[in-house]
Amino acid sequence: MSKRQMILGMQLGNGYGSQPMAWKAPGVGPANYTNFDAQVRYAQAAERGKFAFLFLPDFAGMSKGPEQEAPMLTLDPMMTLAAIARGTERIGLVATGSTTFNEPYNTARQFKTLDVMSHGRAGWNAVTTSDPLVAANYGQEIAPRPERYERAHETIQIAQALWGSWEKDAWIKDPATSQFADAGKIQPINLQGKHVASRGPLPNPPSEQGQPVVFQAGGGDYGLGLAGRYANAVIGATFTIEDSKGQRDAVRKAAVDAGRDPDEIKYFAGVMPAIAGSKKEALDRRVALGREVFPARVPYLGAMLGLPLDVSQIDQPLTREQLEAARPSPFDPRSQRAYEVAQEGWSIRDILAHGVIDYHPTPVGTAEETADHLQEWFEAGAVDGFWVSIDVYEDGIDTFVDQVVPILQERGLYPTDYQGTTLRDHLGVPEQYGQDPRLS
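Residues numbered from 1 in each chain as written. Predicted model: local features only at pLDDT ≥ 70, side-chain atom pairs only at ≥ 80, totals over all residues. Heavy atoms only, no water.

Q: In this structure, what is going on with the layout of surface pockets? I would like to understand it.
A: To locate leftover empty space, one rolls a probe as large as a water molecule over the atoms. Each pocket or cavity is described by its volume, and for the second largest pocket that value is around 530 Å³. Lining the second largest pocket are 26 residues, and of these F239, R337, P361, T362 and H373 sit closest to its centre. Looking at the lining of the second largest pocket, the elements with two or more residues in it are α7 (241-257), α11 (335-343) and α13 (367-379). For the lining of the second largest pocket, the element with the highest residue contribution is α13, accounting for five residues. (1 Å grid on protein atoms, 1.4 Å probe; cavity = no way out; pocket = protein on both sides within 12 Å on 5 of 7 lines; lining within 4 Å. Points joined across faces, edges and corners; volume = space filled by probe spheres on them. Helix = DSSP H or I, 4+ residues; strand = E, 2+ residues; numbered from the N terminus.)

Q: Can you walk me through the side chain of S18 in this structure?
A: Relative to the elements of secondary structure, S18 occurs in the loop between β1 (7-11) and α1 (36-48). Accessibility expressed as a relative area gives 10% for S18, which makes it buried. Setting aside chain neighbours within four positions, we find S18 in contact with Q11, M72, M272, S389, I390 and D391. (Buried < 20%, exposed > 50% of the residue type's maximum accessible area, 1.4 Å probe, protein only. Contact = heavy atoms within 4.5 Å.)

Q: Help me understand the pairing of strand β11 (residues 266-271) in this model?
A: Taken residue by residue, a regular strand's side chains alternate between the two faces of the sheet. β11 sits mainly inside the fold: six of its six residues count as buried. Side chains of β11 alternate between two faces, with K266, F268 and G270 and Y267, A269 and V271 buried alike. Pairing between strand β10 (residues 233-235) and β11: three bridges, direction parallel. Looking at β11, one finds that I235 is bridged to F268. Handedness of the crossover joining β10 and β11 through α7: right-handed. Across four bridges, β11 lies against strand β14 (residues 385-388) in parallel orientation. Within the sheet, the bridge partner assigned to G270 lies in β14 and is W387. (Pairing = 2+ DSSP bridges. Right-handed = clockwise from strand over helix to strand, strands pointing away.)

Q: Any chance you could explain empty space enclosed by the protein here in plain terms?
A: Taken as a whole and judged by the stated rule, the model has two cavities of 30 Å³ or more. In this structure, the largest cavity encloses a volume near 40 Å³. The wall of the largest cavity is formed by Q19, R286, F294, R297, L352, A353, G355 and D358. Within the residue set of the lining of the largest cavity, elements represented by two or more residues are α9 (294-305) and α12 (348-353). Of the residues that constitute the lining of the largest cavity, the class distribution is three nonpolar, two polar and three charged. There is about 30 Å³ of room inside the second largest cavity. (Nonpolar A, V, L, I, M, F, W, Y, C, P; charged D, E, K, R; others polar.)

Spelled out as structure tokens, the structure:
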């Protein structure tokens with residue numbers, strides 16, 4: 001048995017799945033975009049698989065009106081998780097919230113209310129926003145990167161101070177003495193930054209884990225600085241073990257540089273498995289899901305391979321001349337995988353069905369092949385766990401839970417039950433209430 005066990009989170013989005021045409025898949029309710037009962041059902045399936053958390057990305061805008069493809073994100077992550085909180089008991093609930101276009105008081109209040117409602121299962125993925133489309137929805141423009149991260153630091157510090165504005169024993173609730181709370185233990189925070197400020201206090205007492213866990217998903221030096229100071233989990237995007245290991249090492253070093261124990265921060269890589277009884281069946285599943293979108297991706301695949309590719313060749317493999325001329329693009333980290341799959345002789349449609357243009361690595365084949373992928377990365381020290389992006393929620397979550405999870409458990413790589421009740425318990429990170437005194 002391995003002493004160290006991986007942690008799994010599951011991406012949850014639009015009610016259909018991570019593939020653009022999941023809304024049309026057999027057995028999927030076409031109206032699941034607004035069906036919160038379906039979201040609760042999917043969360044319950046992930047909880048059955050002992051997933052540590054659900055992860056809801058967010059994007060406060062739409063680049064264009066949807067026509068054939070459903071928007072990829074839920075209508076509102078906080079409202080969705082509030083519904084899920086009432087239908088689940090253990091699984092963590094992590095939502096993305098912008099530090100750029102939200103005031104820290106509102107953010108702190110919403111996330112701590114979710115934390116109290118769920119009995120200590122909430123997490124805040126604190127991110128800056130850099131898309132002008134989102135800024136336009138708030139009647140603003142995108143500030144320079146240094147300024148956005150200055151505001152992010154201030155926002156997180158104020159939110160954490162607000163979370164701690166009730167002392168842990170402030171809530172008396174004693175009818176016999178007619179004392180609801182000890183007012184002397186509920187204090188304003190009176191924090192004023194360059195960009196944001198708050199007087200406080202919040203109206204929220206502590207939850208079973210004290211306060212929400214901070215996640216972070218940004219990259220680069222600015223993102224590392226934010227993660228190193230405040231985060232207990234980092235949501236990553238990487239395509240090789242070597243790169244993932246480098247990112248995890250950088251995150252851990254950032255924690256040390258901030259005066260923290262590197263084990264206080266967990267690194268999660270994304271994975272988008274294609275699971276079926278065989279590799280051919282898994283490819284057929286992805287071909288069916290990508291039928292409408294694959295033709296438009298052919299030119300981009302060509303750019304990844306340094307070749308002019310035409311959609312008329314989509315059901316043919318690359319010619320010998322094309323394979324000899326192909327070179328992985330140095331500008332796209334997915335290109336090496338696309339090159340390797342092309343060299344195996346698959347048709348262009350099947351190359352795309354391997355997920356070579358997906359946002360994360362795609363192990364294709366049986367449940368054992370997905371388990372092998374997770375084990376290889378985990379045992380290489382490249383991750384503390386994964387956030388799993390399921391192609392079609394309706395059947396894909398159950399497939400992962402019923403087929404992949406037991407393999408990982410038999411190998412001693414994954415827990416057979418939750419070891420606690422809170423998100424902090426699931427992540428194995430220390431208690432924190434209010435601001436981290438090491439960083440004050």
